[in-house]
Amino acid sequence: TKDLCATAGIPTAAYVRVEREADALASLDRFPIPVVIKADGLAAGKGVTVAMRRAEAEAAIRAAGDGPMVIEEYLEGEEASLFALVDGNRAIALASAQDHKRVGEGDTGPNTGGMGAYSPAPVLSPELEADAMREIVEPTARAMAEAGTPFNGVLYAGLMLTAEGPKLIEYNVGFGDPECEAIMPRIECDFAALLHAVATG
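Residues numbered from 1 in each chain as written. Predicted model: local features only at pLDDT ≥ 70, side-chain atom pairs only at ≥ 80, totals over all residues. Heavy atoms only, no water.

S.K.: If you had to explain the sheet that holds strand β7 (residues 117-118) to someone new, which residues and values would you point to?
M.R.: Judged by pairing direction, the sheet is antiparallel, and its 5 strands sit side by side in the order β7-β6-β5-β8-β9 without closing on themselves. The sheet terminates laterally at β7 and β9 (165-172), the two strands that pair on one side only. Relative to β9, helix α4 (residues 126-146) is tilted by about 45°, and along the sheet it contacts β5 (78-87), β6 (91-99), β8 (152-162) and β9. Its contacts with the sheet put helix α6 (residues 191-200) on β5, β6 and β8, and the angle it makes with β5 is roughly 70°. (Pairing = 2+ DSSP bridges. Helix = DSSP H or I, 4+ residues; strand = E, 2+ residues; numbered from the N terminus. Contact = heavy atoms within 4.5 Å. Axes fitted to C-alpha atoms, helices over the stretch in contact; angles between N-to-C directions.)

Printed below as a string of structure tokens:
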């Protein structure tokens, strides 16, 4: 995903992808603190560390050991999710949502998902949603089609709303939980017909 963003000019956090612990530790010098450490792999994003000190970043890297890892610029802003339907060539916005992130009163605990969500996301104004579709989601759909791997389905863009505008944190290919529970009651059209249109182009 990060490589696709770099190729297609999609706004995202600066990053480096490494395979070895030693390279990850050496790459820390390229990033200001705080910095984000992510194990790279299917669903491995659950092990994200937002390191507020250099020592914390080094400890996260050592704990992960050798293996694919992404070191990423820390983005300031509020996180929101944008759900789009993609038919292989075109993308349309369906809904936005936010989930509750940190366990503990006053956002004091570790990051988590699954504690509940609400839709629409108040911070994702119509203008910001249009920016995210134009600069992030639509170029992604185009890039995948041009690569010969068109995507059909629900594309869930995890966004950070920064001072420079929306930036992509991650993609998921499905509605996600708990966001799905907040979005489904809002859909008033024939949703099966809509999904059939997505599946058949």
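S.K.: How would you sum up the pattern of salt bridges? Please name residues and give values.
M.R.: All told, the structure shown has 11 salt bridges when counted by the stated rule. Here Lys38 ties to Glu72 by a salt bridge, and the two come within 3.1 Å at their closest N and O atoms. Residue Lys38 is found in strand β2 (residues 35-39), and its partner Glu72 is found in strand β4 (residues 69-73); the two are separated by 34 residues along the sequence. For the pair shown, Lys38 and Glu72 are each scored as buried. One salt bridge connects Glu58 with Arg54, and the closest N-O pair in it is separated by 2.9 Å. (Salt bridge = Lys/Arg side-chain N within 4 Å of Asp/Glu carboxyl O. Buried < 20%, exposed > 50% of the residue type's maximum accessible area, 1.4 Å probe, protein only.)

S.K.: Help me get a handle on the sheet that holds β4, residues and values and all.
M.R.: Ordered by their spatial adjacency, 4 strands build an open sheet running β1-β4-β2-β3, and the pairing between neighbours is antiparallel. Among the strands making up the open sheet, the edge pair consists of β1 (15-18) and β3 (49-51). On average, adjacent strands in this sheet sit at an angle of 20° to one another, irrespective of strand direction. Across 4 bridges, the pairing between β1 and β4 is antiparallel. What sits directly across from Val18, in β4, is Met69. Contacting β2, β3 and β4, helix α3 (residues 54-64) crosses the sheet at an angle of about 150° to β3.

S.K.: Got a sec to walk through the pairing of β2? Specific residues and values, please.
M.R.: Counting buried residues in β2 gives 4 out of 5 residues, a clear majority hidden from the surface. As defined by bridge partners, β2 adjoins β3 across 3 bridges and the pair is classed as antiparallel. Its bridge partner lying in β3, Val36 is registered against Val50. Where β2 meets β4, 5 bridges bridge the pair, whose relative direction is antiparallel. Residue Lys38 lies in a different strand from β4, and its bridge partner there is Val70.

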